[in-house]
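Tertiary structure, described
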Amino acid sequence: MASVLAQLEQSGLATWIHESGLLYGYPLILFLHTLGLSTVVGLNVAIDLRLLGVASRVPLASLDKVFGLLWAGFGVTAVTGVLLFVADATKHASNPAFFVKLAFVGGGVTIVALLRRRVFHGGEHGRFLAAASLGCWFVALTAGRLMAYVSEFIS
Amino acid sequence: MNLAHVHLLLNHVPTIGFGFGIGLLVASLVRDSADLRRASYVVFFVVALVAIPTYLSGNAADFVLRTQPELLQDVVTAHQNAAMLALIPMEIVGLVSWLALWQSRRWHQPAVLALSIVTFVLMARAANIGGQIRHPEIVAAGTAASAPSWPSPAAMGAAFVLDHPWVWPICEVFHFVGLCLLFGVTLLVNLRLAGFISGFPLADLNRLLPWAVAGLGINIVTGMLFFLAAPEQYTQNSAFTWKMGLVLLGGLSLLYPTMFDEEPDSAFDILHAAMTRRLIGVCSLVIWIAVIFFGRFLPYLGTE
């Protein structure tokens, strides 16, 4: 396992991310990761608030289109996330905050799919799912943001 | 032109702007005019936004001037603390004014009036001490400016962040929470403005707007704590200057869905409103994306 991670870290891709300069290397990937995650989490929070009764006059059918953008945001976040992982594979793989983040992102994304099927197309009220979604994204965001501090702390 | 120059351009806006806002609010009470009242709330909200870059550019001016031996450093510190003491109630007035614009309630009126007068006095005091920085001829004997009896929130904020290692990471977490609230809600509103989603009146999204403003508020507070703890990391970085300019524009763009959400009735108005809304929706979206861009690039760009 350790050798695979080290190999990833020394791959041409990892070197490119670290060394290709300002506008298309690490900072750009980090920006796209942030933009993607704020689209996913932000839109999902807005949908959750709607399901919890804020702006309840907005018809759910009108918001169905938003899921396309949400998944596009998730695609950007996932691809850039893989690139960021490859760039520092051993560091992230030894960071418990990273796995907490992955688990709760998994939870959050699963809830998005469930919301679409059960609430938007199935007619459930979705209040429980909306609350769980807010919780998942809060933990994922916290763990993700604290990754740098946790890795500093354990090393 | 440097940021010290920007500070000189902006530094009269908070005091004079608030004086103007108070004048409008008093006039609205005398005339019982809803339009004047709304105008005064707009002035308070806009001035509260402009006060933020005014404060931040003050630190940059301090950095520019620090090399000059004749500078009265204790007056600068007193000015900075007085400015923060005025900035806090000013942001509260800005927030309450936004709430009053969002949902016209009568009770806001006396609250805003009382608080804005207190803020005006505190800001005038800050401006007065600021004037002494370059005008030693007006400093009273014994520098009343540095009298220790006034609270000094700028120094307290910096000490709070620097003395507790957990504060910075926790603020970063909440800066992202605020970002997601602000970006998510404004994204949905902007998608509606731009016509990407439709099928309901814009006013139906009204109830979501306070969540965006809450996100903006969280980020102003957490962002200010970062700034107080490490001002030079930000004042010496042009990406931060861009980010703050864009935050100001983004904050202003919040006024549109807050104030102009009635559905147009005549055919001309429908066409006109559709074009205006599309333009504002797209601009606001681009502004917030650019804010995230400059925020994320802050450690990489703009550090010469």
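Residues numbered from 1 in each chain as written. Chains lettered and ligands numbered in written order. Predicted model: local features only at pLDDT ≥ 70, side-chain atom pairs only at ≥ 80, totals over all residues. Heavy atoms only, no water.

Quick word on the overall build of chain B
Broken down by element type, chain B carries 12 helices and 0 strands. Along its sequence from the N terminus, chain B presents helices and strands in the succession α-α-α-α-α-α-α-α-α-α-α-α. The C-alpha atoms of chain B give 21 Å as radius of gyration, which agrees with the globular expectation for 304 residues (19 Å, within 12%). The C-alpha extent of chain B, read off along each of the three principal axes, is 65 × 50 × 35 Å. Looking at chain B as a whole, 52% of its 304 residues qualify as buried. Sequence-distant contacts, at least 24 apart, represent 81% of the contacts inside chain B between residues at least 6 apart. Accessible surface, chain B: about 13800 Å² in total, of which carbon and sulfur atoms supply 71%. (Helix = DSSP H or I, 4+ residues; strand = E, 2+ residues; numbered from the N terminus. Rg over C-alpha atoms; globule rule 2.2 N^0.38 Å. Buried < 20%, exposed > 50% of the residue type's maximum accessible area, 1.4 Å probe, protein only. Contact = heavy atoms within 4.5 Å. Areas by Shrake-Rupley, 256 points an atom, 1.4 Å probe, with all protein chains shown as cover.)

A few points about the pattern of salt bridges
One pass over the full model with this rule turns up 5 salt bridges over all chains. Across the salt bridge formed by D204 of chain B and R57 of chain A, the nearest N and O atoms sit 3.7 Å from each other. Taken together, the positions of D204 of chain B in the loop between α7 (167-194) and α8 (209-229) and R57 of chain A in the loop between α3 (26-51) and α4 (60-63) put the pair across two chains. Classification of D204 of chain B as buried rests on a relative accessible area of 10%. A salt bridge links E232 of chain B to R66 of chain B, with the nearest nitrogen and oxygen atoms 3.2 Å apart. With a gap of 166 residues between them, E232 of chain B in helix α9 (residues 231-235) and R66 of chain B in the loop between α3 (34-65) and α4 (73-102) connect regions that are remote in the sequence. (Salt bridge = Lys/Arg side-chain N within 4 Å of Asp/Glu carboxyl O.)

Some points on the environment of D32 of chain B
The topology assignment puts D32 of chain B in the loop between α2 (13-31) and α3. With 204 residues separating them in the primary sequence, D32 of chain B and Q236 of chain B have C-alpha atoms 48 Å apart.

Quick word on the environment of G36 of chain A
All names here are of chain A. On the secondary structure map, G36 appears in helix α3. Given the relative accessible area of 4%, G36 is considered buried. Setting aside residues up to four positions removed in sequence, G36 forms contacts with G73 and T77.

Description of the state of the cysteines
Under the defined criterion, the tally for this structure stands at 0 disulfides over all chains. C180 of chain B provides the cysteine sulfur closest to C136 of chain A, a residue in no disulfide bond, and the two sulfurs are 14 Å apart. (Disulfide = S-S within 2.5 Å.)

Some points on helix α1 (residues 3-10) of chain B
All names here are of chain B. Listing the buried residues of α1 in full gives A4, H7 and L10. Looking straight down α1, one finds that the buried residues subtend no more than 125° of arc, so they occupy a single side. Along α1, the residues that are exposed and aim more than 90 degrees away from the buried face are L8 and L9. (Arc of directions from axis to C-beta.)

Focus on the interface of chain B and chain A
Frequently, the measure chosen for interface size is the accessible area removed from exposure when the parts meet. Counting from both sides, the interface comprises 32 residues of chain B and, opposite them, 34 residues of chain A. Contact between chain B and chain A buries roughly 3300 Å² in total, counting both sides, with carbon and sulfur atoms accounting for 81%. The interface formed by chain B and chain A holds 2 salt bridges in total. One salt bridge in this structure joins E172 of chain B and R145 of chain A, with 3.3 Å as the shortest N-O distance. At the junction of chain B with chain A, the criterion picks out 5 residue pairs in polar contact (both at pLDDT 80 or more). Top element by residues in the side of chain B that touches chain A is α7 of chain B. It accounts for 15 residues. Within the side of chain B that touches chain A, the residues separate by chemical class into 25 nonpolar, 3 polar and 4 charged. (Buried area = accessible area lost by both parts, 1.4 Å probe. Polar contact = N/O pair within 3.5 Å; in protein donor to acceptor, adjacent residues only side chain to side chain. Nonpolar A, V, L, I, M, F, W, Y, C, P; charged D, E, K, R; others polar.)

A closer look at the packing of aromatic side chains
Residues and elements named next belong to chain B. Scanning all chains against the criterion turns up 18 aromatic pairs over all chains. Taking 5.8 Å as the distance between ring centres and 15° as the angle between the ring planes, the aromatic pair formed by W98 and W102 counts as stacked. Linking W98 with W102, this pair stays in helix α4, spanning 4 residues, or about one helical turn. Relative accessible area serves as the criterion here: at 15%, W102 is assigned to the buried category. Considering the side-chain rings of F227 and Y234, the 6.1 Å spacing of their centres and the 35° angle between planes classify their relative orientation as tilted. Of the two residues, F227 and Y234, both sit in the buried class. Above the ring of W150, the side-chain terminus of R125 is found at 3.6 Å from the ring centroid. (Phe/Tyr/Trp six-rings, centres within 6.5 Å; stacked < 30°, edge-to-face > 60°. Lys NZ or Arg CZ within 6 Å of the ring centre and 35° of its normal.)

Remarks on the environment of A27 of chain B
Residue and element names in this part refer to chain B. Position of A27 relative to the elements: it lies in helix α2. C-alpha separation for the pair A27 and S40, spaced 13 residues apart in sequence, amounts to 9.4 Å. Apart from the residues lying within four places of it in its own chain, the contact partners of A27 are D32 and L36.

Some words on a nonpolar patch on the surface
Taken together, F138 of chain A together with F160, W166, I170 and F174 of chain B make up a surface patch of nonpolar side chains, about 470 Å² in accessible area. Relative to the assigned elements, F174 of chain B resides in helix α7. Given the relative accessible area of 35%, F174 of chain B is considered partly exposed. (Patch = residues over 30% accessible without salt bridge, like charges linked within 9 Å, V, L, I, M, F, W, Y side chains within 5 Å.)

Some points on the nonpolar core
Within soluble globular proteins, side chains that are nonpolar tend to cluster in buried spots. By size, the foremost hydrophobic cluster in this structure holds 121 residues, and its most contacted members are F44, Y55, L56, L188, L208 and M224 of chain B. Non-local contacts of Y55 of chain B, meaning those with residues more than four positions away in its chain, are made with Q80, A83, M84, L87, A154, M224, F227 and L228 of chain B. (Core = buried A, V, L, I, M, F, W, Y, C linked by side-chain atoms within 4.5 Å.)

Some points on unusual backbone geometry
Of all residues except glycine, most have a negative phi; of all peptide bonds, most are trans. One non-glycine residue, A55 of chain A, lies in the positive phi region at around 55°. Considering the arrangement of structural elements, one finds A55 of chain A in the loop between α3 and α4. The class of A55 of chain A is buried, set by a relative accessible area of 5%. Despite not being glycine, D32 of chain B has its phi angle at roughly 50°, a positive value. Residue D32 of chain B is classed as exposed on the basis of its relative accessible area, which comes to 51%.

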